[in-house]
Amino acid sequence: MFLIYCPYCEEHREEEEFHPKGQAHIARPEDPEACSDEQWGDYLFFRDNPRGIHHELWVHAVGCRKFFNITRNTVSYEILETYKIGESPRFTAEHPEGKPAETVAAENVAAEAKVVERQEGVKA
């Protein structure tokens, strides 16, 4: 048994409280109607299965019930980080030692700006 840090509850909890939900950062096609059957099938069914650093979507099923991301090394099973949905990972295959905190913070601000931009375009 190991402990997983929930970024929403801000505490380490036993692994039995969590459930993996697959690969993280899967971008939905912007116009699904324009996708070919092959493109739509790839989006729905095909996922990466790398050896090494991998980003996964998890849910804290017994706790806060919120989804979050985990960066995990699939070779050693080591969890490198957990982070909230919408945030950028610090550890990637390109940066296995981790990106500087300033770079990650700038990426998160840019992602939030995109969300706000999209919401302003939506009318109630």
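In this report, we go over the structure that sits alongside the text. Because the structure is predicted, anything quoted here is derived from the model rather than measured.

Parameters and conventions
- Residues numbered from 1 in each chain as written.
- Predicted model: local features only at pLDDT ≥ 70, side-chain atom pairs only at ≥ 80, totals over all residues.
- Heavy atoms only, no water.
- Patch = residues over 30% accessible without salt bridge, like charges linked within 9 Å, V, L, I, M, F, W, Y side chains within 5 Å.
- Areas by Shrake-Rupley, 256 points an atom, 1.4 Å probe, with all protein chains shown as cover.
- Salt bridge = Lys/Arg side-chain N within 4 Å of Asp/Glu carboxyl O.
- Helix = DSSP H or I, 4+ residues; strand = E, 2+ residues; numbered from the N terminus.
- Buried < 20%, exposed > 50% of the residue type's maximum accessible area, 1.4 Å probe, protein only.
- Pairing = 2+ DSSP bridges.
- Axes fitted to C-alpha atoms, helices over the stretch in contact; angles between N-to-C directions.

The grouping of Leu44, Phe45 and Phe46 at the surface amounts to a nonpolar patch, some 380 Å² of accessible area in total. For Leu44, the position within the fold is in helix α1 (residues 37-45). Leu44 gets classed as partly exposed once you look at its relative accessible area, which sits at 38%.

What follows covers the sheet that holds strand β6 (residues 79-84). Spatially, four strands are ordered β3-β4-β5-β6 in an open sheet, and the strand pairing comes out antiparallel. If you trace the sheet from one side to the other, it starts and ends with β3 (19-23) and β6, each paired once. Each strand axis lies, on average, 30 degrees off the axis of its neighbour in the sheet, ignoring direction. As judged from the five bridges shared by strand β5 (residues 67-73) and β6, these two strands associate in the antiparallel manner. From the neighbouring strand, Arg72 faces β6, where its bridge partner is Ile79.

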